[in-house]
Amino acid sequence: MSKELTPEEVEEVRLAFQDVDVDGNGFVTASEIAGLFQALGKPMPGYKVRELLDTLDRNKDSRISFDEFSEIFKDVKGNTMASAFKSALKQKEGIVSIGGTSEISSTGTTHTIGEEERHAFANYINVSLKDDPDCAHLPIDPNNNSLFKAVADGIILCKLINHSMPDTIDERTINKKKLTAFTIQENLNLALNSASAIGCQVVNIGATDLKEGKPHLVLGLLWQIIRIGLFANIELSRNEALAALLEEGETLEDLMRLSPEELLLRWMNFHLKKDGIVVKNFSSDVKDSTAYFHLLEAIAPDGSKDDQPKIDIDLSGLYLGDNTKRAESMLKEADKLDCRQFVTAGDVVSGNAKLNMAFVATLFNKYPALTKPENQDWTLESETREERTFRNWMNSLGVNPHVNHLYGDIQSALVIFQLYEKIKVPVNWDRVNRGPFKHVMGGNMKKVENCNYAVELGKDKAGFSLVGIGGQDLYSGIQTLTLALLWQLMRRYTLNVLSDLGQGEAVGDDLIVSWVNETLLKAGKTSSIKNFKDSAISSSQPILDLIDAIQPSSVNFELVQTGNKLTDEDKLSNAKYAVSMARKIGAKVYALPEDIVEVKPKMVMTIFACLMGRGLKKV
């Protein structure tokens, strides 16, 4: 049997890896493997876990990356270890096996999907979009496969993206009535490209997959969109009250580097401290509902605020002997807080880490019960648009670790090396320190070494202009210098789409501008651009004309504000429409409407480059 994994098997391995990687940090540790087998009802002794880690951990860094995980599956493909592991995964409560639905899997490959996730996501959509007049699909029956049919026309996906990240999609661009195969395709393109723009990884998902309702892909995309919305405010720069979670000896920078998952655990333990309870995960540590009961009691309004009447939490359910009955009693108390979302009693007892984490995030968002420490003279700056764009772009490419805090999470340069590979610059991984970076001094030195190598690659292999930028600057998170490197990485990634143009001629700004103006002229449009700083771009007219030239009659110009005296509000309205229309016709645009209005040349260039790629059918 061939040891190479088919595309279908790669997807299976990816899903299995995500299942094990419950904290979502991109690596599997001993505790996560132990927790998985504990949840499977097959507890594994510590020495067995260590033996398994020794087998899997090829670079001996005490954790397993997705690449290592995949390589092991290649080696053991078809043998007893692989069979046993897959068998264990499929024994998880609530998992059903379904026939593969893609062309690749027509030979009988099966996927596993979580009935509990289907149930939870359907209910979440029902509640979140219940008042939307465009969602005639609702309510979705959570007990069957109605969810996969409901998302097939793209409307619910677009609406859910806006629910998680408001104003991402201009409502005027969603096709809502008299849908045809073509307009459904447009909606799905819009949803996928918009999801990518807010940081979802959609590399292996196509419009056809969603239209056909392939369960594992639909659930994966839904979870990413929902997760972004749940975690939007679990960030120090947006919620300064999180500073109350600082522990002795920590700085604000330390707290900012924690992932939303880590902050949620920190938040739980902050409220559970008085009860002497410590929670280390969202699976085995919450199964008996004890931590949840005490958390609900701690965050429930005590009546001291006029807008929040007192809510009493009944703790008598703590003394029920059966875990399921105790969980059901706990959820009745959560319902008093209007927070009974995502989990059933069975999900709590089985230790479904993903859904339990979503449940805790719901509690945090509704009742954080935190107060910013007094006598603090610091003011945190919010993430800039440019920083958010870069962060979302990196996450959409599937980098590990997931980038939550731009500067802290790329400090080791491991993400930057992955970006180099995305732009086809080879990385000598033998020169890379992969961590874990345990000791402060030694770990810091290894990170700086990585950053030095990252700068070296940029100068010597990628041909970037990095004058005055050193590895220490990246390690220290110097804003302007770090963004200068990230911009050149993003620019190269965008231009690589057009790399086969010009018969060997390097693709640059002049070539893109020339193509834009020629395309506009051939389509009979009167607009044109001199360069990416042209003030005419602020009205979005050249962008909308180009979109209409690429896909005739796609733009409804009755919705476009015109004239020589457009207000900033008019320009922003046009820009929102232009960005969504670009994504709707299939261009993966990461820039924001404000970038167009302000004519930010870097971001404007990426818009025209993506449209050029779409016009030449390269993307």
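The structure under discussion appears in the preceding block.
Not measured: the values here are computed from a predicted model. (Residues numbered from 1 in each chain as written. Predicted model: local features only at pLDDT ≥ 70, side-chain atom pairs only at ≥ 80, totals over all residues. Heavy atoms only, no water.)

Right, let's get into the packing of aromatic side chains. Under the definition given, this model contains nine aromatic pairs. Look at Tyr-124 and Phe-342: their rings are 5.0 Å apart centre to centre, the planes differ by 25°, and that puts the pair in the stacked class. Here the residue Tyr-124 occupies a position in helix α6 (residues 115–128), and Phe-342 occupies one in the loop between α15 (323–336) and α16 (345–350), the gap between them amounting to 218 residues. When sorted by exposure, Tyr-124 lands in the same class as Phe-342, which is buried. Consider the rings of Phe-532 and Phe-608, whose centres lie 6.0 Å apart with planes at 20°: the pair is stacked. Residue Phe-532 is located in the loop between α24 (509–522) and α25 (541–550), and its partner Phe-608 is located in helix α28 (residues 601–615); the two are separated by 76 residues in the primary sequence. Residues Phe-532 and Phe-608 agree in their burial class; the two are buried. Cluster of aromatic residues (ring-pair linked, three or more members): Phe-417, Trp-429 and Tyr-453. (Phe/Tyr/Trp six-rings, centres within 6.5 Å; stacked < 30°, edge-to-face > 60°. Helix = DSSP H or I, 4+ residues; strand = E, 2+ residues; numbered from the N terminus. Buried < 20%, exposed > 50% of the residue type's maximum accessible area, 1.4 Å probe, protein only.)

Counting 98 residues, the largest nonpolar core has Leu-264, Trp-267 and Met-268 as its most contacted members. Looking at this core element by element, the count peaks at 11 residues for helix α11 (residues 215–231). If you look at the next biggest cluster of nonpolar residues, it comprises 79 residues, including Met-394, Phe-417, Leu-483 and Leu-546. (Core = buried A, V, L, I, M, F, W, Y, C linked by side-chain atoms within 4.5 Å.)

The next point concerns the pattern of salt bridges. Evaluation of the coordinates by the stated rule reveals 28 salt bridges. The partner of Asp-209 in a salt bridge is Lys-214, and the shortest N-O contact between them spans 2.8 Å. A single network of salt bridges, built from pairs that share partners, joins Asp-132, Asp-134, Lys-159, Glu-171 and Lys-176. (Salt bridge = Lys/Arg side-chain N within 4 Å of Asp/Glu carboxyl O.)

With that out of the way, let us pick up the packing of helix α14 (residues 290–299) against α15. Close contact between α14 and α15 brings their axes to 10 Å; oriented N to C, the two are set at 15°. Classified by the interaxial angle, the pair formed by α14 and α15 is roughly parallel. Handedness of the α14/α15 crossing: left-handed. Contact residues: α14 offers Tyr-292, Phe-293 and Leu-296, while α15 offers Arg-326, Ser-329, Met-330, Glu-333 and Ala-334. (Axes fitted to C-alpha atoms, helices over the stretch in contact; angles between N-to-C directions. Parallel < 35°, antiparallel > 145°, perpendicular 65-115°, else oblique. Left-handed = near helix turned anticlockwise from the far one by under 90°. Contact = heavy atoms within 4.5 Å.)

Judged by how many residues are buried, helix α8 (residues 155–164) sits mostly within the fold: nine of 10 residues are covered. For α8, the complete set of buried residues consists of Ile-155, Ile-156, Leu-157, Cys-158, Lys-159, Leu-160, Ile-161, Asn-162 and Ser-164. In the core, the buried residues of α8 are packed alongside α6, α7 (146–150), α9 (181–197), α10 (207–211) and α11.

Attention shifts here to the environment of Gly-346. Structurally, Gly-346 is set in helix α16. According to the relative accessible area criterion, Gly-346 is partly exposed, its value standing at 26%. Gly-346 sits 22 residues away from Thr-324 along the chain, and the two C-alpha atoms are 6.6 Å apart.

Structurally, Arg-266 can be placed in helix α13 (residues 260–272). Of note is the side chain of Arg-266, whose polar atom sits 3.4 Å from the side chain of Glu-247. Ignoring anything within four residues of it in the chain, the contact list for Arg-266 reads Leu-245, Leu-246, Glu-247, Glu-250, Leu-255 and Leu-258. (Polar contact = N/O pair within 3.5 Å; in protein donor to acceptor, adjacent residues only side chain to side chain.)

Here we take up α11. Each α-helix winds once per 3.6 residues, and so residues spaced three or four apart point in a common direction. Between the first and last C-alpha of α11 there are 24 Å, a value that for 17 residues agrees with the 24 Å anticipated at 1.5 Å per step. With 14 of its 17 residues buried, α11 lies for the most part within the structure. (Expected span 1.5 Å × (residues − 1).)

Looking now at the environment of Phe-231. Considering the arrangement of structural elements, one finds Phe-231 in helix α11. As for Phe-231 and Leu-264, which are separated by 33 residues in sequence, their C-alpha atoms are 9.4 Å apart. Contacts of Phe-231, omitting those with residues within four sequence positions, involve Pro-260, Glu-261, Leu-264, Met-357 and Ala-361.

Once that is clear, we can look at the packing of α24 against α28. Direction vectors running N to C along α24 and α28 enclose 60°, while the axes themselves pass 10 Å from each other. Taken together, α24 and α28 sit at an angle that is classed as oblique. The way α24 lies across α28 gives a crossing that is left-handed. In this structure, α24 contributes Asp-509, Leu-511, Ile-512, Trp-515 and Val-516 to the contact, and α28 contributes Met-605, Phe-608, Ala-609, Leu-611, Met-612 and Gly-615.

The analysis is restricted to geometry; functional conclusions fall outside its scope.
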